[in-house]
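Spelled out, the chains give:
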Amino acid sequence: MSADSVRGRTAIVGIGGAGWGESPGRSAMELLGEAAIAAVRDAGLELKDIDGLCAATSTHAFPTLSVAEYLGIKPAFFDGTNIGGSSFEMHLLQAALALEAGICNAVLICYGSNQRTAGGRLVSMSEPQWHEAPFKPRHPVTAYALAAQRHMHEFGTTREMLADIAVAARQWANKNPSAFERGPLSREDVLNARMISDPLTTRDCCLVTDGGAACVMVRADRAKDLKQKPAYVLGVGGAHSHRSIAQMADLTRTVAAESGPRAFRMAKLKPSDCDLVMLYDAFTITTLLFLEDLGFCPKGEGGRFVQGGTIAPGGKLAVNTSGGGLSCVHPGMYGLFLIIEAVTQLRRQAGDRQLDKCDVAICHGNGGTLSSQVTALLGSEAAL
Amino acid sequence: MIPIATPGPGPEAQYRAFLEEGRFMIQRSPSTGQYVFYPRVAAPGSGASDLEWVPASGRGTVYSITVNRTRQGSYNIALVQLEEGPRLMTRIEGVETAPVGAPVKARIAELEGEKVVVFDLAGNA
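Cut-offs applied
Residues numbered from 1 in each chain as written. Chains lettered and ligands numbered in written order. Predicted model: local features only at pLDDT ≥ 70, side-chain atom pairs only at ≥ 80, totals over all residues. Helix = DSSP H or I, 4+ residues; strand = E, 2+ residues; numbered from the N terminus. Rg over C-alpha atoms; globule rule 2.2 N^0.38 Å. Buried ≥ 20, exposed ≤ 12 C-beta atoms within 10 Å, placed from the backbone. Contact = placed C-beta atoms within 7 Å. Pairing = 2+ DSSP bridges. UniProt positions renumbered as here; feature names shortened; annotations may be inferred. Expected span 1.5 Å × (residues − 1). Arc of directions from axis to C-beta. Nonpolar A, V, L, I, M, F, W, Y, C, P; charged D, E, K, R; others polar. Domains from an automatic or database assignment. Axes fitted to C-alpha atoms, helices over the stretch in contact; angles between N-to-C directions.

Undergrad: Break down the overall build of chain A for me, with residues and values.
TA: When you go through chain A residue by residue, the secondary structure sums to 12 helices and 11 strands. For 384 residues, the compact-globule formula gives about 21 Å, and the C-alpha radius of gyration of chain A, at 19 Å, lands near that figure. The C-alpha extent of chain A, read off along each of the three principal axes, is 50 × 40 × 40 Å. Counting the 384 residues in chain A, one finds 62% classified as buried. Counting contacts in chain A only where the partners sit at least 6 residues apart, residues at least 24 apart contribute 78% of the total.

Set out below in structure tokens:
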């Protein structure tokens, strides 16, 4: 099977979301279900058309079983790959392969979480690592703080540089009516916020929200006849590096440096072709690491790159135009929300934040503690 | 034939038993020279299954460090790079935090009722 058996052969034709922010009294499955129904309707399909299902959550051991039962569907293809927040970018690849192989005809990819109203803390099935547990790391923030500290040591990155990433995200969120955190946010606000795990303050950390998200994929020939402009899957690449942060070979270099080139090779594109850059921003440091590792700036230069509004509205690189996990929505596993924003921009439905030109979007998912990296390239018809 | 039982405790249990005896041991593969931590049944990557226990030098440097700030108080979490190569999660005792690169020395302590390896800044001993 060659790269050409994936590039442009399938497309996302429906997207949906539910309860982004705060949805008291709703379960994770209810939010997932609402998003799923919205995505199927958005595609102009019916639930009975769905014969493929991908799902991952942080609260369901057998997510495709739970979702299929809840929605009352009987998928012929199903994949519950769970590698944390990047699961959904990998689901794009699984779905593309299954569709192209003719195993199924319409795949629903979905997620839901009520972690904000369920207690306001990250709720996870993720098991502690025996050789870490006695020291009481507060993952994920401890791991990301360790990476940030190391990056500052090696490259002279400063807290101010990290703060500028949070500020840019907020400026985008202020253009997005679906963003949960809106309003002014200055560099000083970020620096003076409560320290959680040095050097990261509350404003260097993603939101803790509720939310459901879903998308529907079909083969490209069918996509053309459906009601929305298709967002074609051009390339997807993934990489694993570790489970425990203590086992990560170099805390300043993620395997986005491997997943990115795999995706770009499949898509026959390069970083400078991207009109929109959606990077998993669980913490300010992750945006910075992925800008470097995906080739948008040299290694070590991420901090200097983001200064002066480079990634803010009006800057030279459009990054996380929804407001990201830092200011829009982050219900635990955020990867699918990157895809929703990319499709919205590719369809030119992004309102005040719509980019003038958006034909190629990169969605980069991250999972665990910088553990799994999956890069997906999506494009409009012009990118085919 | 697949054996119906593997005798004796595995590497994780053996490591904990060494700590109970006051010994900080890590694994080494004689065939590859590779040191391994955390303890496993085979060396990661090569799959070499000739791992044997050797005393850790206890010498290392702070690879990275953070201070977890909670309502119940603050404590540091560090990754220490052992002189032998492997890295482990630990705490640097007796200080709020320490510079990245600082030399440190291992000591066995008790945390949450469990024997663990913590570190002190070298030279403070």
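Undergrad: Help me get a handle on the sheet that holds strand β3 (residues 52-55) of chain B, residues and values and all.
TA: All names here are of chain B. Taken in spatial order, the three strands make up an open sheet running β2-β1-β3, and their pairing is antiparallel. Where the open sheet ends on each side, the last strands, each with one partner, are β2 (35-36) and β3. As judged from the four bridges shared by strand β1 (residues 25-28) and β3, these two strands associate in the antiparallel manner. Across the sheet, the residue bridging to I26 is V54, located in β3.

Undergrad: Got a sec to walk through the UniProt feature "domain: ChsH2 C-terminal OB-fold" (unreviewed entry) in chain B? Specific residues and values, please.
TA: The sites that carry the UniProt feature "domain: ChsH2 C-terminal OB-fold" (unreviewed entry) are, in the present numbering, residues 53-108 of chain B. For residues 53-108 of chain B, helix accounts for 0% and strand for 62%, while the C-alpha atoms at its two ends are 17 Å apart.

Undergrad: Any chance you could break down helix α8 (residues 256-267) of chain A for me, citing the residues and the numbers?
TA: Residues and elements named next belong to chain A. In this model α8 runs 16 Å from its N-terminal to its C-terminal C-alpha over 12 residues, within 8% of the 16 Å that 1.5 Å per residue would give. Of all the residues in α8, the buried ones are A256, S259, G260, A263, F264, M266 and A267. On an axial view of α8, the arc spanned by its buried residues comes to 160°, and they lie on one face. Buried residues along α8 sit against β8 (231-240), α9 (284-293), β10 (360-367) and β11 (372-379). Just beyond α8, the residue with positive phi is K268, at close to 55°.

Undergrad: Could you give an account of the interface of chain B and chain A, naming the residues involved and the relevant values?
TA: In many analyses, interface size is given as the accessible surface area lost on bringing the parts together. On the side of chain A, 19 residues touch chain B, which itself brings 22 residues to the contact. For the side of chain B that touches chain A, the secondary structure elements donating two or more residues are β4 (59-70), β5 (73-82), β6 (87-90) and β8 (114-121) of chain B. Ranked by residue count, the leading element in the side of chain B that touches chain A is β4 of chain B, at seven residues. Here the residues of the side of chain B that touches chain A are counted per class, giving 11 nonpolar, five polar and six charged.

Undergrad: A description of the domain arrangement of chain B should follow, citing residues and the corresponding values.
TA: Residues and elements named next belong to chain B. The domain boundaries assigned to chain B delineate domain 1 (11-55) and domain 2 (59-121). Placing the centre of domain 1 and that of domain 2 at their C-alpha centroids yields a distance of 20 Å. For the side of domain 1 that touches domain 2, the elements supplying multiple residues, two or more each, are α1 (11-20) and β2. Residue composition of the side of domain 1 that touches domain 2, by class: six nonpolar, one polar and one charged.

Undergrad: Describe the domain arrangement of chain A, naming the residues involved and giving the relevant values.
TA: Residue and element names in this part refer to chain A. When the domains of chain A are assigned, the result is domain 1 (3-119 + 210-232) and domain 2 (138-178 + 235-383). Distance from the C-alpha centre of domain 1 to the C-alpha centre of domain 2: 22 Å. Looking at the side of domain 1 that touches domain 2, the elements with two or more residues in it are β1 (10-21), α3 (87-100), β4 (106-113), β7 (210-219) and β8. When residues of the side of domain 1 that touches domain 2 are assigned to their parent elements, the largest contribution, seven residues, is made by α3. Residues that form the side of domain 1 that touches domain 2 fall into these classes: 19 nonpolar, 12 polar and four charged.

Undergrad: Before we move on, could you go through the sheet that holds β11 of chain A and cite the residues and values that matter?
TA: All names here are of chain A. A sheet is described by the order of its strands in space; here nine strands give the open sequence β3-β2-β4-β7-β1-β8-β11-β10-β9, paired in mixed fashion. The open sheet has two edge strands, β3 (77-79) and β9 (276-279), and neither has a second partner. Pairwise comparison of adjacent strand axes, ignoring direction, gives a mean angle of 20° for this sheet. With three bridges joining them, strand β2 (residues 52-55) and β3 adopt parallel strand pairing. Looking at β3, one finds that C54 is bridged to D79. Where helix α1 (residues 28-42) meets the sheet, its contacts fall on β1, β4 and β7, and the angle it forms with β1 comes to roughly 140°.

Undergrad: Provide a residue-level description of the UniProt feature "domain: Thiolase C-terminal" (unreviewed entry) in chain A, including the pertinent values.
TA: Feature annotation in UniProt assigns "domain: Thiolase C-terminal" (unreviewed entry) to the following positions: residues 237-379 of chain A. The span residues 237-379 of chain A is 30% helix and 17% strand, and its two end C-alpha atoms sit 15 Å from each other.

Undergrad: Describe unusual backbone geometry, naming the residues involved and giving the relevant values.
TA: That bond from H139 of chain A to P140 of chain A is cis: its omega, 10°, falls within 30 degrees of zero. Structurally, P140 of chain A is set in the loop between β4 and α4 (141-155). Omega for the bond connecting F37 of chain B with Y38 of chain B falls within 30 degrees of zero, at 5°, which places this linkage in the cis form. Relative to the assigned elements, Y38 of chain B resides in the loop between β2 and β3. One non-glycine residue with positive phi stands out, namely R348 of chain A, at about 65°. Of note, L370 of chain A is a non-glycine position whose phi angle comes to about 65°, a positive value. Mapped onto the secondary structure, L370 of chain A falls in the loop between β10 and β11. Look at L370 of chain A and you get buried, because 29 C-beta atoms sit within 10 Å.

Undergrad: Which residues make up the environment of I311 of chain A, and what are the values?
TA: Residues and elements named next belong to chain A. Looking at where I311 falls in the secondary structure, it is placed in the loop between α10 (302-306) and α11 (324-327). Under the C-beta neighbour-count criterion, I311 is labelled buried, with 28 such atoms within 10 Å. With residues near it in sequence (within four places) discarded, I311 still touches A168, V306, L317 and V319.

Undergrad: Run through α9 of chain A, naming residues and quoting values.
TA: Residues and elements named next belong to chain A. In terms of burial, α9 is largely enclosed, as 10 of its 10 residues are buried. Within α9, the full set of buried residues consists of T284, I285, T286, T287, L288, L289, F290, L291, E292 and D293. Those residues of α9 that are buried are in contact with α4, α5 (159-173), α8, β9, α10 and β10. Downstream of α9 by one or two residues, G295 has phi in the positive range, about 95°.

Undergrad: So what about the pairing of β11 of chain A? Which residues, and what values?
TA: Residues and elements named next belong to chain A. The buried fraction of β11 amounts to eight of the eight residues, a majority that puts the element mostly inside the structure. Burial along β11 is two-sided: the face carrying S372, V374, A376 and L378 and the face carrying Q373, T375, L377 and G379 are both buried. Alignment of β8 against β11, held across eight bridges, turns out to be antiparallel. Looking at β11, one finds that Y232 is bridged to G379. Across eight bridges, the pairing between β10 and β11 is antiparallel. When the bridges of β11 are listed, A361 appears paired with L378. Connecting β10 to the next strand, β11, in antiparallel fashion are four residues, including G368 with a positive phi near 70°.

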